[in-house]
Amino acid sequence: MNREQLLAAVKEQVTKHRYEHILGVVETAKKLSKRYGADKKKAELAAILHDYCKFWPEEKMKRIIEETPHIPSDLLEYDKELWHAHVGAEVARRELGIEDEDVLDAIRYHTSGRENMTLLERVVCLADYIEPTRQFPGVDELRKLAKEDLDRALAQALGGTITFLVKREKRIYPLTVLARNSLVKPKKKQAQEEV
């Protein structure tokens, strides 16, 4: 499938608002790719497909998770908002013919993140978080930071997700904590160094 065919396929799966979000993620991923040296075509492809299964029925996603050995079954113990990413990567492979593991991983981890994310994964994950239709307190600061430091911006974004989940008394998927921690550089103990 070419770009236009993929966009048409995605448009059939999502709401109008979500499709606008996807287009925003595509443009943001392309800009971040250019700034940080990620593969622009792979970033665009992953961005187009990242929310392909977002509105699929919960039972359908659950069945795919249960029937696919390489999708972690512990996902079912966490918020269903995580499910569409792993299911989407699997569906992109099975139904849309996407074979590039880099692209599939960028789709798979765009919501949870994971430890030691690749550049492409970081670009798509952050693009999803800061694209132009997103409106939440602090998003403008994140957009500015994304122009200066991809890892700091993504760590801050993941920290925001963790805070959001804690405030709502929801469980935090372990990969999200690992992703944030792997992006935060340890600070040296300045007080001890000054002595």
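Description of the structure in this document. (Residues numbered from 1 in each chain as written. Predicted model: local features only at pLDDT ≥ 70, side-chain atom pairs only at ≥ 80, totals over all residues. Heavy atoms only, no water.)

Turning our attention to the state of the cysteines. Within the structure shown, the criterion is met by zero disulfides. In this structure Cys53 is not part of a disulfide, and its nearest cysteine sulfur, from Cys125, lies 18 Å away. (Disulfide = S-S within 2.5 Å.)

This paragraph deals with the pattern of salt bridges. Across all of its chains, the model carries 18 salt bridges by this definition. Here Asp102 makes a salt bridge to Lys42, at a shortest N to O gap of 2.8 Å. Here the residue Asp102 occupies a position in helix H6 (residues 101-108), and Lys42 occupies one in helix H3 (residues 40-49), the gap between them amounting to 60 residues. Taking relative accessible area as the criterion, Lys42 reaches 22% and is therefore assigned partly exposed. In this structure, Asp105 engages Arg114 in a salt bridge whose closest nitrogen and oxygen atoms are separated by 3.5 Å. Taking the relative accessible area as the measure of exposure, Asp105 reaches 16% and is therefore buried. On the basis of relative accessible area, Arg114 is assigned to the partly exposed category, the value being 22%. One network of salt bridges, with partners in common, ties together Arg3, Glu4, Glu27, Lys30 and Glu44. (Salt bridge = Lys/Arg side-chain N within 4 Å of Asp/Glu carboxyl O. Helix = DSSP H or I, 4+ residues; strand = E, 2+ residues; numbered from the N terminus. Buried < 20%, exposed > 50% of the residue type's maximum accessible area, 1.4 Å probe, protein only.)

Right, let's get into the layout of surface pockets. Estimated volume of the largest pocket: approximately 820 Å³. Looking at the largest pocket, it is lined by 29 residues, and the ones nearest its centre are Thr111, Tyr129, Thr161, Phe164 and Leu165. Elements represented by at least two residues in the lining of the largest pocket include exactly helix H7 (119-130) and helix H9 (150-167). With nine residues, H9 is the single largest residue contributor to the lining of the largest pocket. Space inside the second largest pocket adds up to approximately 260 Å³. Considering the residues around the second largest pocket, the lining is formed by Leu23, Gly24, Glu27, Thr28, Lys31, Leu32, Arg35, Ile130, Pro132, Arg143, Ala146 and Lys147. Going through the elements one at a time, helix H2 (16-36) and helix H8 (139-146) are the ones with two or more residues in the lining of the second largest pocket. Broken down by element, the residue count for the lining of the second largest pocket peaks at seven residues, all from H2. Within the lining of the second largest pocket, the residues separate by chemical class into five nonpolar, two polar and five charged. (1 Å grid on protein atoms, 1.4 Å probe; cavity = no way out; pocket = protein on both sides within 12 Å on 5 of 7 lines; lining within 4 Å. Points joined across faces, edges and corners; volume = space filled by probe spheres on them. Nonpolar A, V, L, I, M, F, W, Y, C, P; charged D, E, K, R; others polar.)

Moving on, we come to a negative patch on the surface. A contiguous patch of negative charge on the surface is contributed by Glu58, Glu59, Glu66 and Glu67. On the accessibility criterion, Glu58 (39% relative accessible area) is partly exposed. (Patch = residues over 30% accessible without salt bridge, like charges linked within 9 Å, V, L, I, M, F, W, Y side chains within 5 Å. Areas by Shrake-Rupley, 256 points an atom, 1.4 Å probe, with all protein chains shown as cover. Lys, Arg positive; Asp, Glu negative; His and termini not counted. Charge placed at Lys NZ, Arg CZ, Asp CG, Glu CD.)

In this section: the packing of helix H1 (residues 3-13) against H3. Axis separation between H1 and H3 bottoms out at 9 Å; the angle between their running directions is 20°. Our classification of the angle between H1 and H3 gives roughly parallel. Here Arg3, Leu6, Leu7 and Val10 of H1 come into contact with H3, specifically with Glu44, Leu45, Ile48 and Leu49. Looking at side-chain class alone, the contact of H1 with H3 contains six nonpolar, no polar and two charged residues. (Axes fitted to C-alpha atoms, helices over the stretch in contact; angles between N-to-C directions. Parallel < 35°, antiparallel > 145°, perpendicular 65-115°, else oblique. Contact = heavy atoms within 4.5 Å.)

Moving on, we come to the side chain of Thr28. In this structure, Thr28 sits in helix H2. At 2.8 Å, the side chain of Thr28 and the backbone oxygen of Gly24 are in polar contact. Sequence-distant contacts of Thr28, defined by excluding residues within four places in its chain, comprise Ala127, Ile130, Glu131 and Pro132. (Polar contact = N/O pair within 3.5 Å; in protein donor to acceptor, adjacent residues only side chain to side chain.)

Moving on: a positive patch on the surface. A contiguous patch of positive charge on the surface is contributed by Lys31, Arg35, Lys144 and Lys147. Following the sequence through the fold, Lys144 ends up in helix H8.

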